Structure formats: structure tokens, C-alpha cells
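Take a look at the letters that make up each chain.
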Amino acid sequence: MTPGALEWLARFRRYLASERRLSTHTDKSYARDLAALVKFCDRESLADWSALDAQHMRRFAAHSHKGGLAPRSIQRRLSAVRSFYTFLLREAAAETARAPASAVERRARRITVNPALEVRAPKAARRLPQTLDADQMARLLQMPEKGDQLTMRDSALMELLYSSGLRLAELIGLDVSSLDLKDGVVRVLGKGRKARIVPVGRVAARALRGWLQERPALARSDESALFVGRNGRRLGPRAVQARVALWARRQGLGVHVHPHLFRHSFASHLLESGGELRGVQELLGHADVSTTQIYTHLDFQHLARIYDAAHPRARRKA
């Protein structure tokens, strides 16, 4: 690719950071996926973004698949390319109205279609999320009411993960000011920096009050984070993952537990108890209800197990 073409990648990254406000994790994923596209273009001797067409994109997807990339990862890769070309088309339209145009801008104007728009990745097998059942979750959360400061913190963060169905990034991004325990809610900044208000359950609120009493002994005076580590600063994702796994082992669960498992369990248990799908979608902060619908398959599995265990004619041997 020419230096001018690569400059558009840099512009796109700046756009993601300033306007889309994507998380660091998503930004790094975009960077990796578009770097793979640049390598493909170099192999195909494509010097500019206007040279790519749908056939090239199909070869790009096939090459990724041949290289061992999973269908879901190819879907993500194509999504990154579609977003990049949407940006290029928008910029091309804007630059057309400007004069005079640089050589780079004139090349951008030649882009008239999004070559990845109609290209689809190989179909991925539908993978149902893992969950803990209600008894396992209760066992995990059965922690000492009066423990040391780290125990109080861990109890509060795990109760909040389960009570409100938060993503890990949402949890560690919380400030003390995000909590309103009087009204029993927490203000969460989700994907794309979209804010939502979610309820905090009674047990989680009690655990959080206990932690807030202990927090000043750990947190630095200028630290606004709700959850802090031994160093007094905002708790990082690796630390939360390690502490959750530690408590799962201590409580003898016998399964690997990670922070997102609380979110899966939250959604599944709500639906099992008769929660309405659209309401669960709002609580989870899903942009598309189809993302939430996967939990209805877990609910059906739960009902099927009850049927098989209880119905007198279920799976009876002939």
C-alpha cells in the first residue's frame, strides 16, 4: 500500500478514538484486522483502497479461513473492513465539497462502493454461552460478611457483576459517583460509551455499603474509582479475573469462572424466572435483541432438562 493509503488508516484510528470512543480492546482489534488487510493488499499488489472490490474481499476472507482463523473472527475482521470503508465513503463525500484537493483526497474520492458490504464469513456454529446455575452462583457468593478489605471488595464486585449483569470493562470503569444506593441503581458506560442505568439488587447494595466503609483505607485520596487494588488505584481487568478465579477455587466450584460468566448467568436466570426479552436486552445494553435471544436457547435447555427429569413419559425406554 502507498503511504497515502496508509495515512487513511491513521485517520480512521483517530476517528475511532475521538468520535466513536471505542474501548482500547476494540481499538486494538480493529488495528489487527486492518493490518491483516494491508498485508493481503501487498500480496495482491493493490496500492490503494479504491482498487479493492468484492472479489478481493472474498479472497481475503478465504485466505483468513485457510490461515486457521475461526468464522467468528473472520466476521469481526470483515466488520472492521466494512466500518473502515464506511468511513472512507463518508470522507470522500465530504472532501468532494472542498477545494483544492490534495492527491490523497483525490484518491479517496474514487472510492464509490464498500467492497466488504455483501461479503459474508463462513457460518459459525452457534455456541451457547456457559452459565452457572442458581445453586452454583449462590455457593460462589456465599462469602464472609466481615472479612478483610480485599474480601469485602471482592464480595461487592462479584455481587454487582451478578446483580446488574455488567461487562468487565463496565465494572472496572465505575466511579464511586456512578452508584446511587439510595435509589438502588448504578450508571454504567457501555460499548460505544453509551450510558445506561441498571438496578442494583438488595444483597449487592448491602455488599457495596460494606465495601464503601472499607474503601478509604485502600484508595488514594485522589482516586475516583469504585474498586481499587492494593496500590490504591483503579482495579484492572486482570486483577478482577484473578480474584474471581481464586474465589471459585476457594468455594470448591470445580469449574473455571471468569467475570463474563456472571453476565451470562444474570441473563439466563432472569429469563428462566420469566423475565421479558426486551427488558433483559435493555439491562444488558445490547443494541440488537438478536444478541439477547441466544439466552432463550439456554432457557429452553433448562426447561428440557426439567421435562426429561420430571415427565413420566420423557425419554422412557421401550
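Residues numbered from 1 in each chain as written. Predicted model: local features only at pLDDT ≥ 70, side-chain atom pairs only at ≥ 80, totals over all residues. Heavy atoms only, no water.

Draft legend 1. Region of interest: the overall build of the protein. Within the protein one finds 13 helices and three strands. Each of the 318 residues in the protein was classed as buried or not, and the buried ones make up 43%. Counted over contacts in the protein with a minimum sequence separation of 6, partners at least 24 positions apart contribute 61%. As displayed, the protein has an accessible area near 17,800 Å², and 51% of this comes from carbon and sulfur atoms. (Helix = DSSP H or I, 4+ residues; strand = E, 2+ residues; numbered from the N terminus. Buried < 20%, exposed > 50% of the residue type's maximum accessible area, 1.4 Å probe, protein only. Contact = heavy atoms within 4.5 Å. Areas by Shrake-Rupley, 256 points an atom, 1.4 Å probe, with all protein chains shown as cover.)

Draft legend 2. Looking closely at unusual backbone geometry. The backbone of S45 sits at a positive phi, close to 60°, despite the residue not being glycine. Along the chain, S45 falls in the loop between α2 (24–43) and α3 (54–66).

Draft legend 3. Just the sheet that holds strand β1 (residues 179–180), in detail. If you trace the three strands from one edge of the open sheet to the other, you get β1-β2-β3, paired in antiparallel fashion. On the outer flanks of this sheet lie β1 and β3 (195–199), each paired with one strand and no other. Sheet topology places strand β2 (residues 185–189) next to β3; five bridges connect them, and they run antiparallel. Each bridged residue has a counterpart across the sheet, and for L189 the counterpart in β3 is A195. (Pairing = 2+ DSSP bridges.)

Draft legend 4. Structural view of the nonpolar core. Within the largest apolar cluster, 42 residues are counted, with the highest numbers of intra-cluster contacts made by L140, L160, L208, F227, V257 and F262. Listed by contribution, the elements that provide at least two residues to this core are α6 (134–140), α7 (149–164), α8 (168–172), β2, α9 (202–214), α10 (237–250) and α11 (259–272). Excluding residues that lie within four positions of it along the chain, F227 makes contacts with R153, A156, L157, L160, L171, L208, W211, R233, R234 and L235. Within the second largest apolar cluster, 33 residues are counted, among which are A5, L9, W49 and V119. (Core = buried A, V, L, I, M, F, W, Y, C linked by side-chain atoms within 4.5 Å.)

Draft legend 5. Region of interest: the side chain of D48. As for its placement among the helices and strands, D48 is situated in the loop between α2 and α3. Residue classification places D48 among the buried positions, given a relative accessible area of 10%. A polar atom in the side chain of D48 sits 3.1 Å from the side chain of S50. (Polar contact = N/O pair within 3.5 Å; in protein donor to acceptor, adjacent residues only side chain to side chain.)

Draft legend 6. Representation of α7. An ideal rise of 1.5 Å per residue puts 22 Å on 16 residues; α7 measures up with 22 Å between its terminal C-alpha atoms. α7 sits mainly inside the fold: 13 of its 16 residues count as buried. In this structure D148 caps α7, since a side-chain oxygen of it lies 3.3 Å from the backbone nitrogen of L150. Taken from the residues just after α7, G165 is the one with a positive phi, measuring 65°. (Expected span 1.5 Å × (residues − 1).)

Draft legend 7. Geometry of the pattern of salt bridges. Evaluated as defined, the whole model comprises 15 salt bridges. Measuring nitrogen to oxygen at the nearest pair gives 2.9 Å for the salt bridge that ties R59 to E44. Of this pair, R59 sits in helix α3 while E44 sits in the loop between α2 and α3, placing them 15 residues apart in sequence. (Salt bridge = Lys/Arg side-chain N within 4 Å of Asp/Glu carboxyl O.)

Draft legend 8. Expanded view of the environment of R59. According to the relative accessible area criterion, R59 is partly exposed, its value standing at 35%. As a C-alpha pair, R59 and V119 span 60 residues in sequence and 10.0 Å in three-dimensional space. Other than its neighbours up to four places away in sequence, R59 contacts F40 and E44.

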